[in-house]
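# Residue-level structural notes
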Amino acid sequence: AQTVTQSQPEMSVQEAETVTLSCTYDTSENNYYLFWYKQPPSRQMILVIRQEAYKQQNATENRFSVNFQKAAKSFSLKISDSQLGDTAMYFCAFKLHNAGNMLTFGGGTRLMVKP
Amino acid sequence: EAEVAQSPRYKITEKSQAVAFWCDPISGHATLYWYRQILGQGPELLVQFQDESVVDDSQLPKDRFSAERLKGVDSTLKIQPAELGDSAMYLCASSGREDPYNEQFFGPGTRLTVL
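### What about the packing of aromatic side chains?
Residue and element names in this part refer to chain A.
- Applying the stated criterion across every chain yields a total of 16 aromatic pairs over all chains.
- Measuring from centroid to centroid gives 6.0 Å for Tyr25 and Phe94, while their planes differ by 35°, and the two rings are tilted. A residue pair is termed long-range when its members are at least 10 positions apart, and Tyr25 in strand E4 (residues 24-26) and Phe94 in strand E10 (residues 88-96) qualify at 69 residues. As far as burial versus exposure is concerned, Tyr25 and Phe94 are alike and both buried.

What follows is the structure, given as structure tokens:
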């Protein structure tokens, strides 16, 4: 079975600064996807960024980028130029390729962006 | 913009009572998921439907939980009888056949409190 661990229950960052959220996972499989989801207070969860395990290049979406270290089974999220609207719970998630569509989530990191 | 709809948004019930939650996925999405999210934790998959068929209900407590998607569109999740430990957010998500990543789109959730 796959497991996802987020070791930082809470983090805070000043507006306009950069913050990195950590995620590690455990799997014996080679083909999979990794995701970061954002869950704002009282709003639905949305996908922030995804990474295919077979791609060496780290994914980037505007201010969001990942540092994917496959050998270390690490998948961190970097948020640059943090904005107040980035305040949310962030969940790291794992999905095997071609094995149903089940997402395994980490426990989440609560991020507070301070003005 | 198409969204996953869920109702009710909040439900308070007493233990041993029956409760039901409803989900309407994004139009055309064949796959529907029900997740349970305990406060402070990541979501855990309860059941996954492909059209009207259950493809994974291994984590569904079948003695008290049931789920159906009779016409392959909207879905109902029922708990009978509810227990104190069932207090959680119940999230519904859907994904489409045409998306190679099977991105899951989440609804706002139903927050259940069992007294």
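### Points about the pattern of salt bridges
- In the structure shown here, the tally under the stated rule is seven salt bridges over all chains.
- The partner of A:Lys55 in a salt bridge is A:Glu52, and the shortest N-O contact between them spans 3.8 Å.
- Classification of A:Lys55 by relative accessible area gives partly exposed; the value is 37%.
- Residues B:Arg64 and B:Asp86 are paired through a salt bridge, measuring 2.6 Å at the closest nitrogen-oxygen approach. Here B:Arg64 is found in the loop between strand E6 (53-56) and strand E7 (65-68), whereas its partner B:Asp86 is found in the loop between strand E8 (75-79) and strand E9 (88-95), with 22 residues between them in sequence. Each member of the pair, B:Arg64 as well as B:Asp86, carries the same accessibility label: buried.
- What emerges from the salt-bridge pattern is a single network uniting B:Arg64, B:Glu83 and B:Asp86.

### A look at the interface of chain B and chain A
- With 22 residues of chain B at the interface, the matching set in chain A holds 18 residues.
- The interface formed by chain B and chain A includes one salt bridge.
- One salt bridge connects B:Glu103 with A:Arg50, and the closest N-O pair in it is separated by 3.6 Å.
- Along the contact surface separating chain B from chain A lie one residue pair in polar contact (both at pLDDT 80 or more).
- Sorting the residues of the side of chain B that touches chain A by element identifies strand E4 (31-37), strand E5 (44-50) and E9 of chain B as the ones contributing at least two each.

### Observations concerning the sheet that holds E7(B)
Residue and element names in this part refer to chain B.
- If you trace the four strands from one edge of the open sheet to the other, you get E1-E3-E8-E7, paired in antiparallel fashion. Of all the strands in the sheet, just strand E1 (5-7) and E7 have a single pairing partner and so form its edges. For this sheet the average axis-to-axis angle between neighbouring strands, irrespective of direction, equals 15°.
- With five bridges joining them, strand E3 (residues 19-24) and E8 adopt antiparallel strand pairing. Looking across to E8, one finds that Phe21 is bridged to Leu77.

### Describing the state of the cysteines
- Applying the stated criterion across every chain yields a total of two disulfides over all chains.
- For A:Cys23, the disulfide goes to A:Cys92, at an S-S distance of 2.0 Å. Its S-S torsion of about -70° marks the bond between A:Cys23 and A:Cys92 as left-handed, since a negative value means left-handed. In this pair, A:Cys23 is assigned in the loop between strand E3 (19-21) and E4 and A:Cys92 in strand E10, connecting sequence segments 69 residues apart. Like A:Cys92, A:Cys23 is buried.
- What pairs with B:Cys23 in a disulfide is B:Cys92, and their sulfur atoms sit 1.9 Å apart.

### Describing the pairing of E8(B)
- Counting buried residues in E8(B) gives four out of five residues, a clear majority hidden from the surface.
- Between E7(B) and E8(B), which pair antiparallel one after the other, the connecting turn spans six residues, and B:Gly72 there sits at a positive phi close to 75°.

### Quick look at the environment of A:Leu34
Residues and elements named next belong to chain A.
- Turning to its location among the elements, Leu34 is positioned in strand E5 (residues 32-39).
- On a C-alpha basis, the gap between Leu34 and Ala93 in space is 5.7 Å, while along the polypeptide they are 59 residues apart.
- Setting aside residues up to four positions removed in sequence, Leu34 forms contacts with Tyr25, Ile49, Arg50, Gln51, Phe68, Phe75, Ala93 and Phe94.

### Some remarks on the nonpolar core
- Ranked by size, the top nonpolar core spans 26 residues in total, and within it A:Tyr25, A:Tyr32, A:Trp36, A:Phe75, A:Leu77 and A:Tyr90 carry the most contacts.
- Mapped onto this core, the elements with two or more residues apiece are E3, E5, strand E6 (46-52), strand E8 (64-69), strand E9 (74-79), E10 and strand E12 (109-114) of chain A.
- The element that contributes the greatest number of residues to this core is E10(A), accounting for five residues.
- In terms of nonpolar packing, the next biggest core, distinct from the first, is built from 20 residues, B:Phe21, B:Ile79, B:Tyr90 and B:Leu112 among them.

Here is what the cut-offs are and how they apply
Residues numbered from 1 in each chain as written. Chains lettered and ligands numbered in written order. Predicted model: local features only at pLDDT ≥ 70, side-chain atom pairs only at ≥ 80, totals over all residues. Heavy atoms only, no water. Phe/Tyr/Trp six-rings, centres within 6.5 Å; stacked < 30°, edge-to-face > 60°. Helix = DSSP H or I, 4+ residues; strand = E, 2+ residues; numbered from the N terminus. Buried < 20%, exposed > 50% of the residue type's maximum accessible area, 1.4 Å probe, protein only. Salt bridge = Lys/Arg side-chain N within 4 Å of Asp/Glu carboxyl O. Contact = heavy atoms within 4.5 Å. Polar contact = N/O pair within 3.5 Å; in protein donor to acceptor, adjacent residues only side chain to side chain. Pairing = 2+ DSSP bridges. Axes fitted to C-alpha atoms, helices over the stretch in contact; angles between N-to-C directions. Disulfide = S-S within 2.5 Å. Core = buried A, V, L, I, M, F, W, Y, C linked by side-chain atoms within 4.5 Å.

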